[in-house]
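# Observations on the three-dimensional arrangement
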Amino acid sequence: MNPLLPLFVIAPLAAAFLIMIIGRFVSEFNKYFTSLVLLFLACLSFYFLFTTGENQFVYKVGGWEPVNKIPIGIYMVMDGFTAIIVCIINLIGFLAAFYSISYIKRYTAENYFYALFCLMIAGMNGVVISGDFFNIFVFLEISVISSYALVAFGVEKEELEASFKYQVLGALASFLILIGIGLIYWKAKTLNIADIKTAFANDYDKTYYTFVQILILSGFGLKAAIIPFHAWLPDAHSSAPSPISAMLSGVLIKAVGIYVIIRLFFNMFVISESMSVLITVLGTLSMVIGVFLAIGQWDIKRLLAYHSISQMGYVVLAVGMGMVLISRGERPEVAALAITGGIFHLINHAAFKGLLFLNAGAIEYTIGTRNLKEMGGLARSMPATSATSFVASMSISGIPPFNGFFSKLIIIVAAVMGRFYLLAALAVIVSVITLASFLKFQRYAFYNETDAKRDKVKEVPFPMIFSMVVLSVICLALSLLVIPEIREAVLTPAINILTDPAKYTSTIIGQ
Amino acid sequence: MMPYIMCFILFLVGLYGVITRRNLVKIAVSLSIMEISTFLFFALIGYIDGGVAPIVDPADPVKTYVDPLPQALVLTAIVIGLATTSMLMAIIIRLYRKYGTFDIREIKNLRG
Amino acid sequence: MTLIVKKTTQLIAGMIFMYGIYVIVHGHLTPGGGFAGGVIVAGSLILITLAFGVDFLKLVKEEAGTTIIESMATLIVILIATAGFLFGTHVFFNNFLPKGVVGELVSAGTLPLYNIFVGTEVAASIFIIFLSLIIFKEESPQ
């Protein structure tokens, strides 16, 4: 029973309501307090990353111990996979909050922005920590409702329309998830994730099971913006203020979308071949269609949002390949390699996509437009922004020695070793087209010819530069994860929890 | 079997409303109908034959009770549905102020 | 509003408020509790505002005060949860006050305290939703 685990939820929740009270009276309190609380949470998550390793920490809320080996309380579980995602959420949350110290001065009602930001972080932390299925739904709703309000923050025409579309589709996803929870509770009579696995392992009705799996995949796929559920993503991510776009695209679609799909399909459901093939096909479609939709865009943030769909397709493709190999029961080391590539690409994408959105925000802050045809020649007047943007563009295209190269290499090697030659060829083609798209972005934004009125722009203020530089250093440092010793410490515990069928349940039921 | 089919038909009625109606407020009301059908389905799951409402009477404590866990889950979900609906209504009021119409075919600034 | 609405509100609103408080406080004995009782209390406050109408400046002051009440109630809930962490075993949300006899009003540890503060918070937040929609309509240029 580790008593530090609920701090991930309680600290941002208390901070949000403290900001609402004290922010009315003391003027500069809200921004520095948010950055302090998120810095504390980032340090706590790194502490958990280095001390978790192969064992799990379990926390039973309220102290309700199991009766006759049946868990009756709400559990919070921290294992290897959770520790990685918690680090990503809190670190990128801290950098986005620090960035918005100077960015949000343009908007009114700063108080509400920081309170909603802390609530969103509390919800996302709750989703990844909880070990109980309905608790995932409650925290998912907390974070997603905060993000509806944050997308519509500067109340112009386009932001309200984007928020409305996002809300209707998000509400539809929540109802599908709720029906899935109801159907699971009907047969398994319990809501604990480890206990559902033991209840389903004995005997189950195959058509019922497949129906429940398709409902859960549709619900969480809508949150993660996989094709064909991607319709809300370009509008919502391009109309939000820039630190919120970085949080949405860099963290939210991973923490409440991809993380829950991976956790449920590996640790709760028994892996079947038809569902694995479906997930792989959806990942491939996302990868290919996302990048083809992104080529013709002239708005920077819409371009980055479409590329988010494509990179998430890479992660789903890698995880799907691992699931297909596990379900056929052949070559477990290739399956482990594919899932390693997927999780590594997840971490990398959070870093470089967050950095790209912060760069787009810096460009919009100085020039005031988002159209690529109206920019040009910014490399001389904004050196920090253009250098970090160059690092991020090379990372996402997969150029060595940046981090995108190593994660894409692991995915393509795993595809070739598992004899999925078509998928490997598609991955390489999509990577080349991504490189073309980002070369266009770099040329039109930074290296084009300039005219006289562009010479008067200055560099952005210090908090924005600090966040961008720290993220670009992280992009370079993450490529060290491919070295075997560091990989053993960070990524291998996550893979073991996911692929070993008895490890997750035996530790929780036994405690 | 009949109550479950009724819940499913109510869900389909709500889904039809979200897809085909043009007025923004009607879309929000159809979403509310969909979520109410989900709550009904949840509350029906915990029924045991011959059970009474799960309130403990200190004079006569041993009886067959209906399962109280889905009822607690439905209470939480009702509050979440309230938050979602009120958020949607706030956005609809501001949309009417900016665009001047409730018709969803006129609100098409973002495309491509 | 007409005279009938105003007179009926004067007679009924106090009773609705008392009924809401009854549902909140008896949350551990009868069905109800924090959420349902909070919504009933908010209903009585909204009834008074709709029937009598208040002018604009007073609405803005009421919204500021209600926001502070809501935030303080949530902080007190978190404080009670953390108090379980400090006294007794190291567990959040522990039930550490003495539990009395089943069926009495003062029993079941910290549950009535949670009910009261969660009920206050739910009532305040629904009243804030109503007030901010009215303020938005009032301050728009006609």
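All of the points below concern the structure found in this document. (Residues numbered from 1 in each chain as written. Chains lettered and ligands numbered in written order. Predicted model: local features only at pLDDT ≥ 70, side-chain atom pairs only at ≥ 80, totals over all residues. Heavy atoms only, no water.)

## Quick look at the overall build of chain A
Scanning chain A for helices and strands turns up 20 helices and two strands. Seen along its three principal axes, the alpha-carbon backbone of chain A occupies a region of about 75 × 60 × 45 Å. Sequence separation of 24 or more characterises 82% of the internal contacts of chain A that already satisfy a separation of 6 or more. When the accessible surface of chain A is totalled, it reaches about 16600 Å², and 68% of it is carbon and sulfur. The centroid of the 33 positive side-chain charges in chain A is displaced by 4 Å from the centroid of its 28 negative side-chain charges. (Helix = DSSP H or I, 4+ residues; strand = E, 2+ residues; numbered from the N terminus. Contact = heavy atoms within 4.5 Å. Areas by Shrake-Rupley, 256 points an atom, 1.4 Å probe, with all protein chains shown as cover. Lys, Arg positive; Asp, Glu negative; His and termini not counted. Charge placed at Lys NZ, Arg CZ, Asp CG, Glu CD.)

## Comments concerning the overall build of chain B
Across its full length, chain B carries three helices and zero strands. Moving toward the C terminus, one meets the helices and strands of chain B in the order α-α-α. Judged by the C-alpha coordinates and their principal axes, chain B covers about 65 × 30 × 20 Å. Within chain B, the proportion of its 112 residues that are buried is 35%. In chain B, 50% of the contacts between residues at least 6 apart in sequence involve partners at least 24 apart. In chain B, 10 side chains carry a positive charge and 7 a negative one; their mean positions are 25 Å apart. (Buried < 20%, exposed > 50% of the residue type's maximum accessible area, 1.4 Å probe, protein only.)

## Some thoughts on the interface of chain C and chain B
Between chain C and chain B, the residue contacts involve 10 residues of the former and nine residues of the latter. With both chains or domains summed, chain C and chain B bury close to 930 Å², and 82% of this area falls on carbon and sulfur atoms. When residues of chain C are sorted by the area they lose upon contact with chain B, Phe35(C), Leu133(C) and Phe136(C) head the list and together hold 52% of the total. Across the chain C-chain B interface, the total number found is zero salt bridges. There are zero residue pairs in polar contact (both at pLDDT 80 or more) connecting chain C and chain B. By residue number, the principal contributor to the side of chain C that touches chain B is helix H4 (residues 111-138) of chain C, which donates four residues. Of the residues that constitute the side of chain C that touches chain B, the class distribution is eight nonpolar, two polar and no charged. (Buried area = accessible area lost by both parts, 1.4 Å probe. Salt bridge = Lys/Arg side-chain N within 4 Å of Asp/Glu carboxyl O. Polar contact = N/O pair within 3.5 Å; in protein donor to acceptor, adjacent residues only side chain to side chain. Nonpolar A, V, L, I, M, F, W, Y, C, P; charged D, E, K, R; others polar.)

## A few points about the packing of aromatic side chains
How two aromatic rings sit relative to each other is given by the distance of their centres and the angle of their planes. All names here are of chain A. Counted by the stated rule, this structure contains 30 aromatic pairs over all chains. A ring pair is formed by tyrosine 166 and tryptophan 232, whose centres lie 4.7 Å apart and whose planes are at 10°; its orientation type is stacked. Here the residue tyrosine 166 occupies a position in helix H6 (residues 157-188), and tryptophan 232 occupies one in the loop between helix H8 (206-224) and helix H9 (233-239), the gap between them amounting to 66 residues. Look at tyrosine 209 and phenylalanine 269: their rings are 5.6 Å apart centre to centre, the planes differ by 85°, and that puts the pair in the edge-to-face class. (Phe/Tyr/Trp six-rings, centres within 6.5 Å; stacked < 30°, edge-to-face > 60°.)

## Some remarks on the packing of helix H13 (residues 332-367) of chain A against helix H19 (residues 492-499) of chain A
Residues and elements named next belong to chain A. With their axes 10 Å apart at the nearest point, H13 and H19 run at an angle of 125° to one another. The angle between H13 and H19 falls in the class oblique. Viewed along their axes, H13 and H19 form a crossing whose handedness is right-handed. Contacts between H13 and H19 involve Ala336, Ile339, Thr340 and Ile343 from the former and Ala494, Ile495, Leu498 and Thr499 from the latter. Taken together, the residues of the contact of H13 with H19 sort by class into six nonpolar, two polar and no charged. (Axes fitted to C-alpha atoms, helices over the stretch in contact; angles between N-to-C directions. Parallel < 35°, antiparallel > 145°, perpendicular 65-115°, else oblique. Left-handed = near helix turned anticlockwise from the far one by under 90°.)

## Quick word on the packing of helix H1 (residues 7-22) of chain A against helix H4 (residues 110-129) of chain A
Two quantities define a packed helix pair, namely the angle between the helix axes and the distance between the axes. Residue and element names in this part refer to chain A. In contact at an axis separation of 8 Å, H1 and H4 are set at 165° when each is read in the N-to-C sense. In terms of their interaxial angle, H1 and H4 are classed as roughly antiparallel. Here the hand of the crossing between H1 and H4 comes out left-handed. Side by side, H1 and H4 meet where Phe8, Val9, Pro12, Leu13, Ala15, Ala16, Ile19 and Met20 of the first sit next to Asn111, Tyr112, Tyr114, Ala115, Cys118, Leu119, Ile121, Ala122, Asn125, Gly126 and Ile129 of the second. Its residues assigned to classes, the contact of H1 with H4 shows 16 nonpolar, three polar and no charged.

## Some points on the interface of chain A and chain B
Between chain A and chain B, the contact holds 36 residues from the first and 38 residues from the second. Of the roughly 3300 Å² buried at the junction of chain A and chain B (both faces included), carbon and sulfur atoms supply 78%. Counting across the interface, chain A meets chain B through zero salt bridges. The set of elements that each furnish at least two residues to the side of chain A that touches chain B consists of helix H5 (133-151), H6, H9 and helix H12 (300-328) of chain A. Grouping the amino acids of the side of chain A that touches chain B by side-chain chemistry returns 23 nonpolar, five polar and eight charged.

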